[in-house]
Structures are given as structure tokens and as C-alpha cells.
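As a plain string of letters, each chain reads:
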Amino acid sequence: MFDQSDLEIYDRITLPKSLKIPERSRLYSLKPIGIGTPSTESLSSHLTRLAEEHCLPLKKLVLGEIAPRIFSDQYQPEMLLKSVSSILGNSDAKPAINGMRDMTRSLVDALEQLTLREDLKYLSCLTYKEIIKERGLFRQNKAWCPKCFQQWVLEHKSIYEPLLWSFKDVNFCLKHSCQLSNRCPHCDSPQKAIANHSRLGYCDRCKQWLGNNLNDELEIADKERQILAGIGELIATTPDLDSPPTLPDIIQKLKLIQFFFERSLRQDLTQFIALGKTLEQLKIAITQHQDKPLNLVGLLIPICSLAKISVDQLMKEDVSSISKILEINFKNPIQKNSKRSSLASMFNRRT
Ligand SMILES: [Zn+2]
Ligand SMILES: [Zn+2]
């Protein structure tokens with residue numbers, strides 16, 4: 001029989017009065033994939049995974065939790081009839097929900113409030129709004145590497161879409177040396193960046209799996225590699241920046257690069273073949289358009305490549321550090337940038 005006198009009596013525990021329970025988030029604080037690497041997840045991918053974690057269709061999550069915060073007073077019941085893509089303004093004319101539009105900012109703010117995360121801005125290109133021209137930079141519909149999807153499912157990893165795949169000029173996967181796909185292999189449909197019932201790795205229309213190992217291995221041209229590397233560096237370095245880069249700051253660094261290009265030409269005229277065209281474009285950008293955002297793929301990436309600095313150095317380093325780097329690079333033009341050569345291995349990292 002149970003005897004109460006056998007029970008051991010413990011000392012009384014007094015909790016400190018200041019004990020605080022951390023604030024609870026309204027939605028699950030889902031950790032984004034790959035932040036700080038070129039394989040950083042895109043905002044639309046994170047939003048879609050968040051809906052999956054809550055076992056909700058994407059449209060329900062957007063209408064129930066996100067749209068009321070974004071539109072507040074202007075939130076109207078008629079929105080229930082619209083597609084999630086048009087609610088978030090991701091129309092054919094303005095497709096770049098992962099880019100740098102005002103709606104991207106509103107979506108990031110709403111999601112950061114709902115999840116109590118502070119790192120969701122890194123899943124878009126908002127940081128570069130002042131310095132990089134948005135027009136023509138992002139694709140209208142999704143592109144994806146079917147081999148990446150297939151590999152992740154075999155390795156029991158989360159299926160997601162890297163921000164890199166949102167860029168119009170990214171047409172290849174460096175990891176699998178294959179072309180990205182942009183139509184469902186089963187029903188030939190293009191895929192919207194966000195759709196009412198988006199499920200990552202599956203077709204919006206026929207609901208079948210988009211992963212496979214069919215895409216051939218290709219020799220990727222140096223120019224394509226240069227673009228992939230440059231955009232990857234830009235994405236990877238975003239969380240390391242103390243504040244968004246400003247146009248006057250970038251123009252100052254470009255003027256410095258112009259000085260080294262011109263000095264190099266004075267010393268060796270044969271350099272004109274390599275530097276001439278880009279130098280002209282650089283001069284025009286500095287003198288005529290210095291109040292306008294700059295072309296990433298057509299100007300900044302080729303300039304960095306010719307100056308043998310990485311895009312993240314251009315964004316992150318101050319003028320005096322860049323000057324020291326350029327002084328070394330232009331003393332010995334053959335010297336390769338070690339950061340650039342290690343980029344292929346960076347693409348294989350995801351955290
Ligand atoms: Zn791949
Ligand atoms: Zn399909």
C-alpha cells in the first residue's frame with residue numbers, strides 16, 4: 001500500500017521575478033536554406049515551404065495572414081477571387097517577386113513580423129535596389145535544375161528553389177553542368193513563381209514531379225560561368241553587408257577601376273582588345289548615368305572580371321581596400337583571383 005511518508009520532500013524552488021517568456025511568433029519561424037551562400041533560397045520558395053509547414057494551400061496562407069498585413073485598410077473581400085500571383089502583383093508585366101519591388105519589401109516585412117525572423121530580406125535582391133537596375137534582370141516564370149530536385153529527394157533534403165534560378169541570365173546549374181528546365185516534362189506548362197497551390201518540385205498544372213536526370217551534361221561557356229559566379233557572389237555576400245550599398249559609393253569604386261584600366265592601357269596598348277569596350281561602357285555609366293542603377297550582368301560583372309576582383313569585393317570592401325587589391329592585380333595582370341576559383345565549391349554548400 002502507498003505510504004505518503006515514503007515520499008521525498010524537495011526544497012521549494014523560487015523562480016526569479018524577471019523570468020520572461022520570449023515572444024511567440026504567429027507563424028512557424030522556418031529557417032531559410034543556404035543564407036550566406038550562392039545557393040540561398042528565394043523568397044517565393046520560403047513562402048511556399050512556410051505554407052507546406054502549416055499544411056495550408058499557399059493562397060489560404062496569403063489571404064488569411066499575409067494580405068491583411070500588406071493591404072491593411074485596402075484589404076477587400078474581392079481579393080478572395082483573385083489568384084495569389086495577382087494579389088502579390090506578380091503579373092506578367094512585373095514578374096519579379098524575388099527581386100526588389102515595393103511588393104517584395106511589403107512581403108518581406110509581413111513575413112518577418114509573422115515569423116519573427118530578421119533574415120528574410122536576404123532571400124530577395126532588395127539590398128541592391130539603389131545600385132542595380134531591375135529591368136530585365138528576373139525571369140517571368142520559374143526555371144529549375146531537375147537534377148538538383150532529384151538529388152535532394154534521394155538525399156532526404158528539403159526541396160527548395162535557390163534565388164539564383166530567378167535571374168534571367170542564369171541558364172545552367174554549375175553543380176550538374178546542365179541546362180535549367182522551364183517547362184514541365186509531363187504537360188509542357190511553364191510554372192509561375194507563385195501559384196495558388198504551388199508545391200516545390202511539382203508542376204502547378206498536372207501536379208507531377210519536376211525532378212529527373214534527363215538533362216544532358218554540357219560544357220558551360222566561360223561567359224556563362226562568369227555570370228553565374230558573379231550573381232552567386234552577389235547573393236552570398238548580402239548578409240555580410242553592414243548596410244545596403246549606395247550609388248555614390250559604387251560610382252566611387254568604379255572611378256577607381258576606370259583609373260586602373262586607363263593606366264594599364266597607357267602601359268600596354270595591346271590591353272585595348274580586352275579592356276576597350278568595357279572601359280567605354282564604364283565611362284558612360286560614370287559620366288552620363290551616375291544617378292541611375294547599374295546593369296549587373298552587362299556592366300558590373302564584366303568589370304569585376306576584368307579588374308580581377310569578385311562582385312562581393314566590389315560590394316563589401318571600402319575604396320582604400322579596393323585600391324590596394326587593384327594595385328596588386330594590375331601589377332601582375334596574369335594573376336588569378338583565388339576567391340573566384342573557389343566559387344565552384346561554394347555552389348555545393350548549403351546550410
Ligand atoms: Zn543541379
Ligand atoms: Zn505538368
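Residues numbered from 1 in each chain as written. Chains lettered and ligands numbered in written order. Predicted model: local features only at pLDDT ≥ 70, side-chain atom pairs only at ≥ 80, totals over all residues.

A.B. asks: How would you sum up helix 7 (residues 247-267)? Please name residues and give values.
C.D. replies: Under the 1.5 Å per step criterion, the end-to-end length of helix 7 is 30 Å for 21 residues, consistent within 8% with the ideal 30 Å. Along helix 7, the residues classified as buried are Ile250, Lys253, Leu254, Ile257, Phe261 and Ser264. Looking straight down helix 7, one finds its buried side chains confined to an arc of 100°; they lie on one side. Looking at helix 7, the residues exposed on the side facing more than 90 degrees away from the buried face are Pro248, Arg263, Arg266 and Gln267. (Helix = DSSP H or I, 4+ residues; strand = E, 2+ residues; numbered from the N terminus. Expected span 1.5 Å × (residues − 1). Buried ≥ 20, exposed ≤ 12 C-beta atoms within 10 Å, placed from the backbone. Arc of directions from axis to C-beta.)

A.B. asks: Would you mind going over the nonpolar core in detail, with residue names and values included?
C.D. replies: Counting residues in hydrophobic clusters, the biggest one holds 80 residues, and the most contacted among them are Val62, Ile194, Ile231, Leu300 and Cys304. For this core, the domains that each give at least three residues are domain 1 (43-128) and domain 2 (245-338). Apart from the residues lying within four places of it in its own chain, the contact partners of Ile231 are Leu164, Phe167 and Val170. (Core = buried A, V, L, I, M, F, W, Y, C linked by C-beta atoms within 7 Å. Domains from an automatic or database assignment. Contact = placed C-beta atoms within 7 Å.)

A.B. asks: A description of the packing of helix 2 (residues 58-71) against helix 4 (residues 102-115) should follow, citing residues and the corresponding values.
C.D. replies: It is the contact of helix 2 with helix 4, at a shortest axis distance of 9 Å, that shows an interaxial angle of 120°. As summarised for this structure, helix 2 and helix 4 are arranged oblique, according to the angle between their axes. The two elements helix 2 and helix 4 cross, and the hand of that crossing is right-handed. Of the residues in helix 4, those in contact with Glu65, Ile66, Arg69 and Ile70 of helix 2 are Ser106, Leu107, Ala110, Gln113 and Leu114. Here the residues of the contact of helix 2 with helix 4 sort into 5 nonpolar, 2 polar and 2 charged. (Axes fitted to C-alpha atoms, helices over the stretch in contact; angles between N-to-C directions. Parallel < 35°, antiparallel > 145°, perpendicular 65-115°, else oblique. Left-handed = near helix turned anticlockwise from the far one by under 90°. Nonpolar A, V, L, I, M, F, W, Y, C, P; charged D, E, K, R; others polar.)

A.B. asks: I'd like to hear about unusual backbone geometry, residue by residue, with values.
C.D. replies: With a phi angle near 65°, Asp188 is a residue other than glycine that sits in the positive phi range. Although it is not a glycine, Lys308 sits at a positive phi angle of roughly 55°. Along the polypeptide, Lys308 turns up in the loop between helix 9 (296-307) and helix 10 (311-316). Among the residues examined, Lys308 registers 20 C-beta atoms within 10 Å and is labelled buried.

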